[in-house]
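Each chain, letter by letter, is given below.
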2 protein chains.
Amino acid sequence: MPKKRTNDTVSSVDVARLAGVSQAAVSRTYTPGASISEKMRQKVLAAAEQLGYQPNIIARSLSGKATRLIGIVMVKIGDPFYARILAAFSRKLQEHGYWSLLLNVNDDLGLEEALPQALQYQVDGIVLTSATLSSPIAARCAAMGVPVVMFNRYSLEVAVNSVGCDHAQGARDLADFLLKGGHRRMAYIAGEENSSTNQERERGFTEGLAAAGQRLFARESGDYSYAAGFDATGRLLARPERPDAIFCANDWMAIGAIDQARQSGLKVPEDLSVVGFDDAAMAAWPRYSLTTINQPIDKLVMAAVEVLVNAIESPTEDRVIKLIPGRLVVRNSARLPVGHKKSA
Amino acid sequence: MPKKRTNDTVSSVDVARLAGVSQAAVSRTYTPGASISEKMRQKVLAAAEQLGYQPNIIARSLSGKATRLIGIVMVKIGDPFYARILAAFSRKLQEHGYWSLLLNVNDDLGLEEALPQALQYQVDGIVLTSATLSSPIAARCAAMGVPVVMFNRYSLEVAVNSVGCDHAQGARDLADFLLKGGHRRMAYIAGEENSSTNQERERGFTEGLAAAGQRLFARESGDYSYAAGFDATGRLLARPERPDAIFCANDWMAIGAIDQARQSGLKVPEDLSVVGFDDAAMAAWPRYSLTTINQPIDKLVMAAVEVLVNAIESPTEDRVIKLIPGRLVVRNSARLPVGHKKSA
DNA sequence: CACTTTTTTGCATACGTATTCAAAAAAATG
DNA sequence: CATTTTTTTGAATACGTATGCAAAAAAGTG
């Protein structure tokens, strides 16, 4: 005996009967802008109150209305940084009167399974975080008229909206900053190699170096984790000639890098500069005081939500891609350029 | 012109027409256990494939079926610890074929607003994390036949299922451990005062001390944040006589406490022992190596999901409260009892 | 094959709400 | 007041799916 709503869920018909009006009147009471007199509205509300009536959004959506449900697809929800993003999304969406249907996904493969499920729920829109969208899937969303916005990820092939931080520019800024600080042997510790975020950051960094006629001195692979940063730095420091600055693809690895450096008897930033990316909460801790790029999460999320809501409420063929600049946050983990005044 | 599913979403009727069968046949194809021949099933599936048909769960739920939607009510989604809980919940629920409707709430007041909204979506069940449930609200859920499970929080007055860590027992274990380690002046740094978690932990700790004829030596208030732990510890250390051990209501504050102690020139654990609660990711970092109580998140969440799913699928009046023990994780932030062998 | 039993099928209806349409009521106009 | 215009109202229907029921088909039985 699966599911058996123990009791009669009270419907608009019940309310109508009690109020002595038609069911349509009840419906109109809850439809902003519908034609209904104040007198009737009050009668209905009174009856509704008495019965504890709440309109059934599910049923409402059947007759052509929106579900006001947004599918949020995410990997690594447990990661502190993504958690902040999720929190911002759900909050912002709620402000716009939308609710979040959470799709916890392991990888792009899981996406291909999860998305059709989300579509079954007739979501009004989809937020895609840290996952890439294949063309066929995108096509299906389009066919169903469900707008999509990709967050911190974009693809030029697939026609889909996108909002993200300008990772390349941020990385370029870091390169400039390190160059001005007189560093000459710069290493990069990569995040997950196939993540577009990692690629953008590396591209920006090497471009920044190239603009000054320099090249990457060394490169290690990581996976965005503390341990990866710690280990990779160990390998870098074991070289005959050490790098004098390390750019880690994210803050967690940078923090690992700092711990490793100190454990190896080096002073940061005197002997080695370390910079990261994201401006995670811990980057501000005195112990690390990490120079990094602040991803303005609230601004990013707000923009993404606005793009999505706009696409939902006034459908169009236009596709928008928004790149929002990150902000260089200068702290004490990297040697300062001479005469530099610190910001935040 | 708000919302306008650009095209005709393909329905069971369309599939039926193409396959040359009745709409009922299509419905039965997607209803496990329904009476339908293999031949017809194949015809339907072929047609469905061709049209890209997906059953509409929303509509399905209208005719008495479950929505397979679970409302997850949470505060502080952005907090790393809660994020892990949320991740575990959504994953576990998905394994059971349920999806998560996320309700981001600021406080108990927000709950009172959010819950009716969730109920509008005809959720099959509700998970309540770090929030308390008032009797009237609980009554409404009950009236609608929507099972609820509270996580890491329980109330004896309100008849509702509950699963959580045995905070009091964990705190008692910590008290024992510190006592055996020869500590005599123990301080407690509280989390948010009115959180039941905080109260349980303090109760367990003082009970543990009382069992050995001791009392709390000092007490400070905090709010679970790193900064609060840091500051509160500063106040404790400024006393004429210092505590020799501090139990912080959670790991974040404990980490703040350690940093403060070191900054004040004390050695941990030689001069001061610090213990926490939760076993957050950072507790394991060599720098902190925090002795703490591990909250078995996966086990807790699994239990909660099972309680909820069970309540949904075989309704009953019975109410279950489950307390799951935490595990003392001995690391190096607290002096060991003589002859103690370290565990994890 | 004639008959009974079982399985499969389609028809009709229900679920809760929104909306079109035409009728009714109210308001405005002369 | 008679007439026109506007607003409000209820009846009927649609949305997409599930299911009780009876008819039809298939399978089993002697």
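So, how was this worked out
- As a convention, each chain's residues are numbered from 1 in the sequence order in which they are written.
- To label them, take the chains in the order written and letter them from A, then take the ligands in the order written and number them from 1.
- Given that this is a predicted model, residues contribute local features only at a pLDDT of at least 70 and side-chain atom pairs are listed and counted only at 80 or more, while totals for whole chains, interfaces and linings are drawn from all residues.
- Hydrogen atoms and water are omitted, and side-chain values are computed over all heavy atoms in the structure.
- We count a stretch as a helix when DSSP gives it H or I for four or more residues in a row; a strand needs E for two or more, and each element gets its number in order from the N terminus.
- When we talk radius of gyration, it's over C-alpha atoms, and the globule rule is simply 2.2 Å times the number of residues to the 0.38.
- Only protein chains enter the calculation, and the probe is 1.4 Å; a residue is then buried if its accessible area is under 20% of its type maximum, exposed if over 50%, and partly exposed in between.
- The contact criterion used is simple: two residues touch if any of their non-hydrogen atoms lie within 4.5 Å.
- Method for areas: the Shrake-Rupley scheme with a 1.4 Å probe, in which residue coverage is limited to the protein chains shown.
- Positive residues here are Lys and Arg, negative ones are Asp and Glu, while His and the chain termini are left out of the count.
- To locate a charge, take atom NZ for lysine, CZ for arginine, CG for aspartate or CD for glutamate.
- All the domain ranges listed were derived from an automatic or database domain assignment.
- Planes of paired rings set the category: under 30 degrees apart is stacked, over 60 is edge-to-face and the rest tilted, where pairs are Phe, Tyr or Trp rings (Trp by its six-membered ring) whose centres lie within 6.5 Å.
- When the NZ atom of lysine or the CZ atom of arginine is within 6 Å of a ring's centre and also within 35 degrees of its normal, the charge is said to sit over that ring.
- The rule for pairing is simple: two strands pair if DSSP sees at least two bridges between them.
- For every element, the axis is a line fit to its C-alpha atoms; helices are fit only across the contacting stretch, and the angle between N-to-C directions ranges from 0 to 180 degrees.
- Read the arc as the range of directions from the helix axis to the C-beta atoms.
- Nearness of a residue to a molecule or strand requires only that one of the residue's heavy atoms be within 4 Å of it.
- In the analysis that follows, any N or O atom pair within 3.5 Å is treated as a polar contact, provided that within protein one partner can donate a hydrogen and the other can accept it, and provided that, for residues neighboring in sequence, both atoms belong to side chains.
- Three classes are used, and their members are as follows: Ala, Val, Leu, Ile, Met, Phe, Trp, Tyr, Cys and Pro are nonpolar, Asp, Glu, Lys and Arg are charged, and the others, Gly among them, are polar.

Draft legend 1. Geometry of the overall build of chain A. Regarding its fold elements, chain A presents 12 helices and 12 strands. Relative to the compact-globule value of 20 Å for 344 residues, chain A shows a C-alpha radius of gyration of 26 Å, a clear excess of over 25%. Sorting the 344 residues of chain A into buried and exposed places 55% on the buried side. Put simply, 70% of the contacts in chain A that link residues at least 6 apart link residues at least 24 apart. Put simply, chain A shows about 14,600 Å² of open surface, and 51% of that area lies on carbon and sulfur atoms. Side-chain charges in chain A split into 39 positive and 36 negative, and the spacing between the mean points of these groups amounts to 5 Å.

Draft legend 2. Representation of the domain arrangement of chain A within the structure. Domain annotation of chain A identifies domain 1 (12–55), domain 2 (69–166 + 297–325) and domain 3 (167–295). Just the C-alpha atoms count here: the centres of domain 1 of chain A and domain 2 of chain A sit 36 Å apart.

Draft legend 3. Structural view of the packing of aromatic side chains. For the structure on display, the rule yields 18 aromatic pairs over all chains. Between A:Phe89 and A:Phe151, the ring centres sit 5.2 Å apart and the planes meet at 80°, which makes this aromatic pair edge-to-face. Here A:Phe89, found in helix H5 (residues 80–95), pairs with A:Phe151, found in strand E4 (residues 148–151); they are 62 residues apart in sequence, far enough to count as distant. Of the two residues, A:Phe89 and A:Phe151, neither departs from the other in class, the shared state being buried. Taking 6.2 Å as the distance between ring centres and 25° as the angle between the ring planes, the aromatic pair formed by B:Tyr226 and B:Phe230 counts as stacked. Placement of the pair is B:Tyr226 and B:Phe230 together in helix H10 (residues 226–237), with a separation of four residues, close to one helical turn. Given a relative accessible area of 14%, B:Tyr226 falls into the buried group. Just above the ring of A:Phe217 sits the side chain of A:Arg239; from NZ or CZ to the centre is 5.8 Å. One cation-aromatic arrangement involves B:Arg201 over B:Phe277; the distance from NZ or CZ to the ring centre is 3.9 Å.

Draft legend 4. Broad picture of the sheet that holds strand E8 (residues 245–248) of chain A. All names here are of chain A. Across the sheet, four strands lie side by side as E7-E6-E8-E9; this open sheet has parallel pairing. Of all strands in the sheet, those bounded by a partner on one side alone are strand E7 (218–221) and strand E9 (273–275). Averaged over all neighbouring strand pairs, the angle between strand axes comes to 15°, with direction disregarded. Where strand E6 (residues 186–190) meets E8, four bridges bridge the pair, whose relative direction is parallel. When the bridges of E8 are listed, Ile-189 appears paired with Cys-248. Of the strands in this sheet, E6, E7 and E8 are in contact with helix H9 (residues 196–211), which crosses E6 at around 170°. Along the sheet face, helix H10 (residues 226–237) touches E6, E7 and E8 and points at about 145° away from the line of E7.

Draft legend 5. Layout of helix H7 (residues 135–143) of chain B. All names here are of chain B. Within the sequence span of H7, burial applies to Ile-137, Ala-138 and Cys-141. The arc that holds the buried residues of H7, viewed along the axis, is 100°, so those residues lie on one side. Opposite the buried face of H7, by more than 90 degrees, sit the exposed residues Pro-136 and Ala-142. One or two positions beyond H7, positive phi appears at Gly-145, with a value near 70°.

Draft legend 6. View of the protein's contact with DNA strand D. The full set close to DNA strand D counts 26 residues, and A:Arg28, B:Ser12, B:Ser27, B:Tyr53 and B:Arg60 are the nearest of them. Within 4 Å of the protein, the contacting atoms of DNA strand D are 61% sugar and phosphate, with bases supplying the remainder. Taking B:Gln23, its side chain carries an N or O atom lying 3.1 Å from a base nitrogen of DNA strand D. Sorting elements by how many residues they give to the surface near DNA strand D places helix H2 (residues 23–29) of chain B first, with four residues. Residues belonging to the surface near DNA strand D are distributed by class as follows: 11 nonpolar, 12 polar and three charged.

Draft legend 7. Examining the environment of A:Thr206 more closely. Residue and element names in this part refer to chain A. Counting through the fold element by element, Thr-206 comes out in helix H9. Given the relative accessible area of 27%, Thr-206 is considered partly exposed. Between the alpha carbons of Thr-206 and Glu-95 there is a distance of 40 Å; along the sequence they are 111 residues apart.

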